[in-house]
Amino acid sequence: MKTFLYSLLLAALAVSTNAAEIKLLNVSYDPTRELYADYNAAFAKFWKAKTGDDVNISQSHGGSGKQAQSVINGLEADVVTLALAYDIDAISTQARLLPADWQKRLPNDSTPYTSTIVFLVRKGNPKGIKDWDDVVKKGVSVVVANPKTSGGARWAYLAAYAYALEKNHRDDTAARDFITKLYKNVPVLDSGARGSTVTFAQRQIGDVLLAWENEAHLALKEFGADKYEIVTPSLSILAEPPVAVVDKNAKRHHTTEVAKEYLQYLYSDEGQEIAAKNFYRPRNETVTAKYAANFNQVKLVTIDQEFGGWTKAQQTHFADGGVFDQIYQQ
Amino acid sequence: MKTLKLKQVIIAGVVGSQFGLPVFAADNAATGTNGAASVDIPAFAADGGSPAQEAEIKALKQQVEALVEKVDALEQHTPTAQAATISDLDQQVRILQRQREIDQETATAKAATAPKISLGANGFSFSSADTNFVLQLHAVLQFDSRTFFHDDNAKGVDGFLLRRARPILSGTVARDFEYNFTPDFGGSQVQIFDAYTIYHGAPYFQIEAGKFKPPVGLEALQADVNTSFNERSLATDLVPNRDLGLAFKGDVSGGVASYVVGLFNGASDYNSTVTNSYAQNNKSVDARLFFQPWKNSDVNGLRGFGFGVGGSYENDNPATNVTTSLTPGYTTDGQQKFFTYNKNVYADGVHWRLSPQSYYYYGPFGLLGEYAISDQRVSNDNIGGKKNVDVHNTAWDIAGSWLLTGEDASYNNGVTPRQNFDPRLNHWGAWQVVARYAELNVDNDVFSGYSINHNYSLANPTTSADGAQAWALGLNWYLNKNVRANLSFAHTTFSEAYGGNKYASGSVPAQSENVLFTRIQLAF
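Residues numbered from 1 in each chain as written. Chains lettered and ligands numbered in written order. Predicted model: local features only at pLDDT ≥ 70, side-chain atom pairs only at ≥ 80, totals over all residues. Heavy atoms only, no water.

Asker: Just to check I follow, could you spell out the overall build of chain A for this structure?
Answerer: Broken down by element type, chain A carries 17 helices and 13 strands. Looking at chain A residue by residue over its 330 residues, the buried ones come to 58%. Contacts in chain A between residues at least 24 apart in sequence constitute 76% of all its contacts with a sequence separation of at least 6. On chain A, roughly 14400 Å² of surface is accessible, and the fraction owed to carbon and sulfur atoms is 51%. (Helix = DSSP H or I, 4+ residues; strand = E, 2+ residues; numbered from the N terminus. Buried < 20%, exposed > 50% of the residue type's maximum accessible area, 1.4 Å probe, protein only. Contact = heavy atoms within 4.5 Å. Areas by Shrake-Rupley, 256 points an atom, 1.4 Å probe, with all protein chains shown as cover.)

And the structure:
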């Protein structure tokens with residue numbers, strides 16, 4: 001009897017000390033599918049080793065702006081890993097799910113990796129596209145997503161705009177003419193970067209894809225380096241995709257601790273390696289040096305330098321009635 | 001260059017053959033936007049020529065233009081140009097296809113977030129995309145006729161009446177909060193019948209507040225549009241109709257057991273709270289337990305069996321306005337009052353009810369029965385001495401139904417005909433026969449103390465019956481889920497007047513009641 005009770009007690013203890021399964025939802029932008037598929041597996045392993053708990057991470061992907069709006073509308077993300085800070089700012093200001101100073105909580109303004117905009121052209125570069133000037137030539141068909149909904153497309157737009165400003169000695173009118181010509185060459189606007197890749201690579205539309213650097217490399221891997229090649233323009237923009245814990249959701253789900261660690265681990269050596277392997281430019285200098293061959297040298301401007309930050313850029317270019325609306329209606 | 005020369009040869013051939021103009025004149029011709037060589041007729045030919053020449057030149061010019069067009073068309077058929085054209089066309093088609101895909105994706109995404117509107121047999125419904133907010137518009141319209149037989153025109157008014165005319169607003173807000181607002185424009189006065197909200201915390205725990213049906217009588221809780229007959233039975237005379245209150249309720253094990261317990265103002269027998277406030281301090285606790293043990297089982301023959309008990313308890317305080325706690329009267333199927341208390345009678349103490357109840361539905365067959373006890377302490381203030389009586393009234397009913405056309409019968413889901421009424425297709429809807437028997441027995445103590453000269457009783461035995469028995473037969477025709485026609489006949493007899501008295505001529509119990517009902521019902 002005593003043995004039986006002892007066994008019962010042990011069984012009860014075993015049940016009570018069973019590892020917990022934690023669920024985490026990461027709402028991200030379009031081209032990070034492969035990055036987070038790799039990273040989530042690595043983090044789950046790390047977390048299990050650290051705490052003994054299983055963490056099951058779900059992903060949601062789409063145009064960055066659309067994803068932010070989904071979170072604002074109630075999609076219960078524990079963390080967001082979006083294409084640009086403005087979209088997370090929107091979650092903070094409109095839904096008050098995280099504090100306004102969220103960017104200060106992690107190093108590098110909460111951007112654990114960076115990227116930029118490059119060109120993906122068909123093998124042999126039949127239209128001879130080498131720089132932004134070639135993209136706006138008559139007869140060149142350009143594929144890019146809608147900057148109203150896609151973070152990557154906003155970066156692409158701003159990269160082109162920055163090039164035009166530099167080329168035209170900061171003449172904004174000339175830059176507008178340049179960007180107008182560019183979008184006259186765009187036959188179809190997808191809502192997200194991944195959709196643009198599908199348009200260009202799968203549907204075989206257009207001569208050049210304005211793509212995230214990582215997305216362009218992924219297209220080479222996916223569709224074959226014998227079919228496409230990457231062209232790096234003379235100037236592009238430093239895209240800094242940020243990450244943040246959605247405090248109120250995480251608190252409600254009791255996932256704050258694991259959510260914080262999930263993002264912090266992106267800065268670890270392993271996190272940085274995974275980013276670099278997926279063609280995101282790592283912040284860690286050692287890892288950057290190790291994967292230097294993956295990334296072409298390019299002059300990168302920042303949004304703060306060229307456009308006065310995201311808030312200003314958003315208002316000027318992408319808000320309703322902004323420059324993009326004006327030039328796209330022409 | 002090759003194609004250019006071909007044109008030059010043609011042009012020169014045509015023009016030169018007529019005027020002998022030098023062929024090389026075209027060597028410097030500019031290339032037009034479409035790649036074709038433009039042709040300039042020398043000015044001197046037009047200026048210096050006769051009108052006939054001018055006309056001829058004009059005609060030739062037209063010929064040349066036509067030839068140029070033909071040459072352009074021929075050029076399009078060269079392999080290089082064809083390849084370029086096909087490539088352009090291919091891109092255009094691909095772009096259009098992709099645009100269509102994107103438009104469809106956008107439309108799908110938009111549809112997922114767009115509010116939804118629907119209209120059908122269940123009424124109008126407007127809802128947010130996530131269905132957290134729903135507004136439904138329903139309506140119930142019952143147009144009746146009552147024809148009384150053998151009543152010597154003394155009682156029972158023959159005629160048409162709008163029994164119920166209710167627009168119903170219902171739905172949910174913030175996903176978990178259901179609401180219902182039902183005014184009634186039928187009968188003799190406009191009033192709010194239902195106005196409540198239910199918080200759906202979980203299936204086993206919900207909170208309902210407002211004005212709604214207290215959980216006591218089985219037939220009373222059946223929706224007005226689903227009852228077998230135009231009017232509910234004598235057993236429903238002893239239970240409350242609608243009341244203001246707060247209730248906790250829920251279903252356990254998928255509805256195998258359900259409970260309701262609530263605190264209400266306390267409605268009198270067969271009565272609704274007409275006003276939306278209350279003048280008494282006392283409250284009534286009403287509760288109901290109901291079981292459907294085989295509801296989710298595979299035993300088809302027992303799934304539709306349910307049983308339970310409902311009841312209420314309150315303690316009417318005579319210091320407050322307790323006349324409202326007394327029944328305004330018990331009525332026959334024809335809605336004639338066959339029992340009322342005397343004017344100086346009031347509630348004075350505990351009022352409790354108990355109603356064991358059961359139903360059974362299997363295929364087209366339905367059976368519903370309940371027993372009701374209403375036990376209430378009442379008093380009067382006669383000069384001859386205060387009388388305080390514990391009045392113990394009882395009633396019961398049993399009602400059966402059979403759908404001749406084979407549809408499934410149910411307690412509260414209505415009838416959906418297999419074939420909606422459409423004579424052009426020889427479809428005649430669903431037909432149901434119904435039968436019911438009911439009795440109500442009034443406690444004889446309410447009549448004691450009565451004499452012709454001194455009425456110390458609580459009710460007058462010459463105008464109020466101490467019992468009624470009623471049977472009814474009917475035929476219901478469901479044209480479709482929303483439209484129904486009823487025809488029924490009810491016969492009510494009354495017990496002998498208490499204490500050897502005789503019912504007064506012209507009083508309701510003085511003769512049996514025979515009434516023919518018809519109804520046209522529209523509900524959606």
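Asker: Before we go on, may I ask you to explain the overall build of chain B in this structure?
Answerer: On a plain count of helices and strands, chain B comes out with 6 helices and 20 strands. Every one of the 524 residues in chain B was classed for burial, and the buried ones make up 43%. At a minimum sequence separation of 6, the contacts of chain B that also span at least 24 residues come to 65%. Carbon and sulfur atoms form 60% of the exposed surface of chain B, whose accessible area is close to 26200 Å².

Asker: Teacher, can you tell me more about the packing of helix 7 (residues 151-167) of chain A against helix 8 (residues 172-184) of chain A here?
Answerer: Helix-helix packing is described using two parameters, namely the angle between the two axes and the distance between the axes. All names here are of chain A. Orientation of helix 7 relative to helix 8, taken along the N-to-C sense of each, is 135°, at an axis distance of 8 Å. In terms of axis orientation, helix 7 runs oblique to helix 8. Handedness of the helix 7/helix 8 crossing: right-handed. From helix 7, Ala153, Tyr157, Ala160, Tyr161, Tyr163, Ala164 and Leu165 reach across to helix 8, where they touch Asp172, Ala175, Arg176, Phe178, Ile179, Leu182 and Tyr183. (Axes fitted to C-alpha atoms, helices over the stretch in contact; angles between N-to-C directions. Parallel < 35°, antiparallel > 145°, perpendicular 65-115°, else oblique. Left-handed = near helix turned anticlockwise from the far one by under 90°.)

Asker: Would you mind going over the environment of A:Leu182 with me for this structure?
Answerer: Turning to its location among the elements, A:Leu182 is positioned in helix 8. Residues A:Leu182 and A:Ile327, spaced 145 residues apart in sequence, show a C-alpha to C-alpha distance of 9.9 Å.

Asker: I keep staring at the pattern of salt bridges and nothing clicks. Help me out?
Answerer: Think of it this way: side chains of opposite charge can pair up when their charged atoms draw near. Residues and elements named next belong to chain A. For the coordinates displayed, the defined rule picks out 38 salt bridges over all chains. Residues Arg252 and Glu76 are paired through a salt bridge, measuring 3.3 Å at the closest nitrogen-oxygen approach. Pair noted here: Arg252 is in helix 11 (residues 247-253) and Glu76 is in the loop between helix 3 (64-72) and strand 3 (79-81), with a separation of 176 residues, a long-range link. Residue Arg252 is classed as partly exposed on the basis of its relative accessible area, which comes to 47%. A residue is classified by how much of its surface remains accessible, and Glu76, at 35% relative accessible area, is partly exposed. The salt bridge involving Arg194 is made with Glu215; its shortest N-O contact spans 2.7 Å. Taken together, the positions of Arg194 in helix 9 (residues 193-202) and Glu215 in helix 10 (residues 213-223) put the pair 21 residues apart, joining distant regions of the chain. The exposure classification of Arg194 matches that of Glu215, with both residues buried. (Salt bridge = Lys/Arg side-chain N within 4 Å of Asp/Glu carboxyl O.)

Asker: Looking at this model, I keep getting lost on the pairing of strand 2 (residues 54-62) of chain A. Mind explaining?
Answerer: For a regular strand, the rule is simple: side chains alternate between the two faces of the sheet. Residue and element names in this part refer to chain A. Here 9 bridges tie strand 1 (residues 21-29) to strand 2, and the two strands are oriented parallel to one another. Within strand 2, the position partnered with Tyr29 by the bridge is Gly62. In this fold, strand 1 hands off to helix 2 (residues 33-51), which returns the chain to strand 2; that crossover is right-handed. (Pairing = 2+ DSSP bridges. Right-handed = clockwise from strand over helix to strand, strands pointing away.)

Asker: Can you walk me through the confidence of the model for chain A in this structure?
Answerer: Caution is warranted with low-pLDDT regions, since their predicted coordinates should not be read in detail. With 94% of its residues at a pLDDT of at least 70, chain A reaches an overall mean of 91. Across residues 8-17 of chain A, confidence stays below pLDDT 50; counting only partners more than four residues off in sequence or on other chains, it has 0 contacts. (pLDDT = per-residue confidence, 0-100.)

Asker: Would you mind showing me how to read the environment of B:Tyr411 here?
Answerer: Residues and elements named next belong to chain B. If you trace the backbone, Tyr411 turns up in the loop between strand 16 (387-403) and strand 17 (430-441). Sequence separation between Tyr411 and Thr227 is 184 residues; the distance between their C-alpha atoms is 8.4 Å. Reaching out from Tyr411, the side chain makes a polar contact with the backbone oxygen of Leu218 at a distance of 2.5 Å. (Polar contact = N/O pair within 3.5 Å; in protein donor to acceptor, adjacent residues only side chain to side chain.)

Asker: Looking at this structure, how should I read the packing of aromatic side chains?
Answerer: For any two aromatic rings, the description comes down to two numbers: the centre-to-centre distance and the angle of the planes. Under the criterion given, the structure shown has 51 aromatic pairs over all chains. Consider the rings of A:Tyr36 and A:Tyr39, whose centres lie 5.9 Å apart with planes at 85°: the pair is edge-to-face. On the criterion of helical spacing, the pair formed by A:Tyr36 and A:Tyr39 is a turn pair, its members being 3 residues apart in helix 2. Judged by its relative accessible area of 0%, A:Tyr36 falls in the buried class. A centroid spacing of 6.1 Å and a plane angle of 90° characterise the contact between B:Phe339 and B:Phe447, whose relative ring orientation is edge-to-face. Here B:Phe339 is found in strand 13 (residues 337-339), whereas its partner B:Phe447 is found in the loop between strand 17 and strand 18 (467-478), with 108 residues between them in sequence. An aromatic cluster is present here, built from A:Trp155, A:Tyr157, A:Tyr161, A:Tyr183, A:Phe307, A:Trp310, A:Phe318, A:Phe324 and A:Tyr328 joined pairwise through their rings. When the ring centre of B:Phe193 is taken as reference, the NZ or CZ atom of B:Arg166 above it lies at 3.9 Å. (Phe/Tyr/Trp six-rings, centres within 6.5 Å; stacked < 30°, edge-to-face > 60°. Lys NZ or Arg CZ within 6 Å of the ring centre and 35° of its normal.)

Asker: Looking at this structure, I do not really get the sheet that holds strand 6 (residues 142-145) of chain A. What am I missing?
Answerer: The strands that make up a sheet are held in pairs by hydrogen bonds between backbone atoms, and each pair lies either parallel or antiparallel. Residue and element names in this part refer to chain A. Taken in spatial order, the 5 strands of this open sheet run 7-6-8-5-9, and their pairing is mixed. Across the chains shown, the open sheet's two edge strands, defined by having one partner strand only, are strand 7 (189-190) and strand 9 (228-231). The sheet contact formed by strand 5 (residues 117-122) and strand 8 (residues 208-212) spans 5 bridges and is antiparallel. Residue pairing for strand 8: Leu120 is matched across the bridge by Leu209.

Asker: Mind showing me how you'd approach the interface of chain B and chain A here?
Answerer: A common way to report how large an interface is uses the accessible area buried once the components associate. Taken residue by residue, the interface counts 7 residues in chain B and 11 residues in chain A. Carbon and sulfur atoms make up 49% of the surface buried where chain B meets chain A, a total of about 830 Å² over both sides. Three residues, B:Arg94, B:Ile95 and B:Arg98, lead the burial of chain B against chain A; their summed loss comes to 55% of the area buried on that side. For the pair chain B and chain A, the number of links is 2 salt bridges. As a salt-bridge pair, A:Asp190 and B:Arg98 come within 2.7 Å of each other at their nearest N and O atoms. At the boundary of chain B with chain A, the tally comes to 7 residue pairs in polar contact (both at pLDDT 80 or more). Residues that form the side of chain B that touches chain A fall into these classes: 2 nonpolar, 2 polar and 3 charged. (Buried area = accessible area lost by both parts, 1.4 Å probe. Nonpolar A, V, L, I, M, F, W, Y, C, P; charged D, E, K, R; others polar.)

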